[in-house]
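# Close look at the chain arrangement
So the chains spell out like this:
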Amino acid sequence: MTTPGRGSFRRTPGRKVDEVRRMLDAPHPPAPPDLAERAMERGKRLLRRRRLLHAALWTLLGVAAAAGTVLAVHYWPQPTVIAPPMRGW
Amino acid sequence: MRERRRACEFEAFTAGAAGRLLHVATLLAGDPAEGERLLVTALARTYADWFRLRGEDPYARTSQELAAAFSRRAWHYRRPRGGLLDRLPPRERLVLVLRMYEGVAEEQAAAQLGLPTERLRALCMHAVATMRSTPGSTGSGSAGGAR
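Residues numbered from 1 in each chain as written. Chains lettered and ligands numbered in written order. Predicted model: local features only at pLDDT ≥ 70, side-chain atom pairs only at ≥ 80, totals over all residues.

Bringing the overall build of chain A into the picture now. When its secondary structure is counted, chain A shows two helices and zero strands. Counting all 89 residues of chain A, 13% fall into the buried class. (Helix = DSSP H or I, 4+ residues; strand = E, 2+ residues; numbered from the N terminus. Buried ≥ 20, exposed ≤ 12 C-beta atoms within 10 Å, placed from the backbone.)

In structure tokens, the structure reads:
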């Protein structure tokens, strides 16, 4: 490969790049009118799925916390109360 | 209420930007129908994240989503499907479009694609050389012979 644009201070070979840029800048047809509608429908589905996942995760967290509390209360070691020996009978 | 605002703002944005975005998607995918599919995927994500943009340009975000969606499915696009950049492999196509059409800065494009800057530059130069050596490219009279 030749070193392009030796005299210039541009990092990329200017002329070639401009040519390719022009090539890419070709006229393009307008977008179909229902494109936004379709994207929105899909975006709504995405949002719904995301919210569902969030709700499920929060529910799971809540259930886990409740179960943890119940188990802790149930199995908490009770302080053993030793009755004093009865005397004076 | 919030959803209405989202829809209104999104519609206004799409009305202005869809043409250019569709062109980008078609350049990447090769075939217009496939480009449209790619763009709908990217726009749907922009719609879902609309209130999380926090001042970021929705066009830039959609363009990033487009590039990400294309990268994810690069294997799908490995075979030529027609279009202007038919001769380039998917990654070079993406680099060329980001750098030359979207005008993304070198460092930013490299970060976006997870490539070292030198590698990105090499890919871009190679893509430019390939495009110029392609016979029958549109509107370039002086392209013959030069590499």
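The rest of the description comes next.
What follows concerns the overall build of chain B. Counting its regular elements, chain B contains six helices and zero strands. Principal axes of the C-alpha set define a box for chain B whose edges measure 60 × 30 × 30 Å. Split into buried and exposed, the 147 residues of chain B put 39% on the buried side. Restricting to contacts in chain B with at least 6 residues of sequence separation, those with at least 24 account for 56%. (Contact = placed C-beta atoms within 7 Å.)

Bringing the nonpolar core into the picture now. Counting 48 residues, the largest nonpolar core has Ala25, Leu28, Leu38, Leu39, Leu66 and Val95 of chain B as the members making the most contacts within it. The element that contributes the greatest number of residues to this core is helix α1 (residues 2-29) of chain B, accounting for nine residues. (Core = buried A, V, L, I, M, F, W, Y, C linked by C-beta atoms within 7 Å.)

Attention now goes to unusual backbone geometry. All names here are of chain B. Phi is positive for Arg54, close to 50°, though the residue is something other than glycine. Position of Arg54 relative to the elements: it lies in the loop between α2 (32-48) and α3 (58-72). Classification of Arg54 by C-beta neighbours within 10 Å gives exposed; the count is 6.

The subject of this paragraph is the confidence of the model for chain B. Detailed reading of predicted coordinates is not advised where the pLDDT is low. All names here are of chain B. Put simply, chain B has an average pLDDT of 86, and 90% of its residues get 70 or more. Of the regions scoring below 50 in pLDDT, residues 137-147 engages in 14 contacts with residues more than four places distant in sequence or in other chains. The ipTM, which scores confidence in the relative placement of chains, is 0.77 for this predicted complex, and the corresponding pTM is 0.77. (pLDDT = per-residue confidence, 0-100.)

This part takes up the interface of chain A and chain B. Of the residues lining the interface, 23 residues belong to chain A; the matching set on chain B comes to 26 residues. At the level of secondary structure, the elements contributing two or more residues to the side of chain A that touches chain B comprise α1 (14-24) and α2 (35-75) of chain A. Per element, the largest residue contribution to the side of chain A that touches chain B is 10 residues, and it comes from α2 of chain A. Considering only residue class, the side of chain A that touches chain B consists of 14 nonpolar, two polar and seven charged. (Nonpolar A, V, L, I, M, F, W, Y, C, P; charged D, E, K, R; others polar.)

Let us look at α1 of chain A. Residue pairs spaced three or four apart in an α-helix point in one direction, given the helix's 3.6 residues per turn. All of the buried residues along α1 of chain A are Lys16, Val17, Glu19, Val20 and Met23 of chain A. Taken end-on, α1 of chain A shows its buried residues confined to a sector of 160°, consistent with a single buried face. Relative to its buried face, α1 of chain A has exposed residues pointing more than 90 degrees away, namely Gly14 and Asp18 of chain A. Buried positions along α1 of chain A lie against α4 (90-101) and α6 (117-133) of chain B. (Arc of directions from axis to C-beta.)

Packed helices, taken two at a time, are described by their axes: the angle between them and the distance between them. At a minimum axis distance of 10 Å, the contact between α1 of chain A and α6 of chain B shows a crossing angle of 70°. In this view, α1 of chain A runs roughly perpendicular relative to α6 of chain B, as classed from their interaxial angle. Seen from α1 of chain A, the contacting residues are Lys16, Val17, Glu19, Val20 and Met23 of chain A; seen from α6 of chain B, they are Val128, Met131 and Arg132 of chain B. By residue class, the composition of the contact of α1 of chain A with α6 of chain B is five nonpolar, no polar and three charged. (Axes fitted to C-alpha atoms, helices over the stretch in contact; angles between N-to-C directions. Parallel < 35°, antiparallel > 145°, perpendicular 65-115°, else oblique.)

Moving on to the packing of α2 of chain A against α2 of chain B. Two numbers describe how α2 of chain A lies on α2 of chain B: the axes approach to 7 Å, and their chain directions differ by 55°. With respect to α2 of chain B, the element α2 of chain A is oriented oblique. As for the relative orientation of α2 of chain A and α2 of chain B, their crossing is right-handed in sense. Taking contact as the criterion, the partners of Leu35, Arg38, Ala39, Met40, Arg42, Gly43, Leu46, Leu47 and Arg50 of chain A in α2 of chain A are, on α2 of chain B, Val40, Leu43, Ala44, Arg45, Tyr47 and Ala48 of chain B. Its residues assigned to classes, the contact of α2 of chain A with α2 of chain B shows 10 nonpolar, one polar and four charged. (Left-handed = near helix turned anticlockwise from the far one by under 90°.)

Before going further, it helps to examine the environment of Ala26 of chain A. Tracing the backbone through its elements, the reader meets Ala26 of chain A in the loop between α1 and α2. As a C-alpha pair, Ala26 of chain A and Ala56 of chain A span 30 residues in sequence and 48 Å in three-dimensional space.

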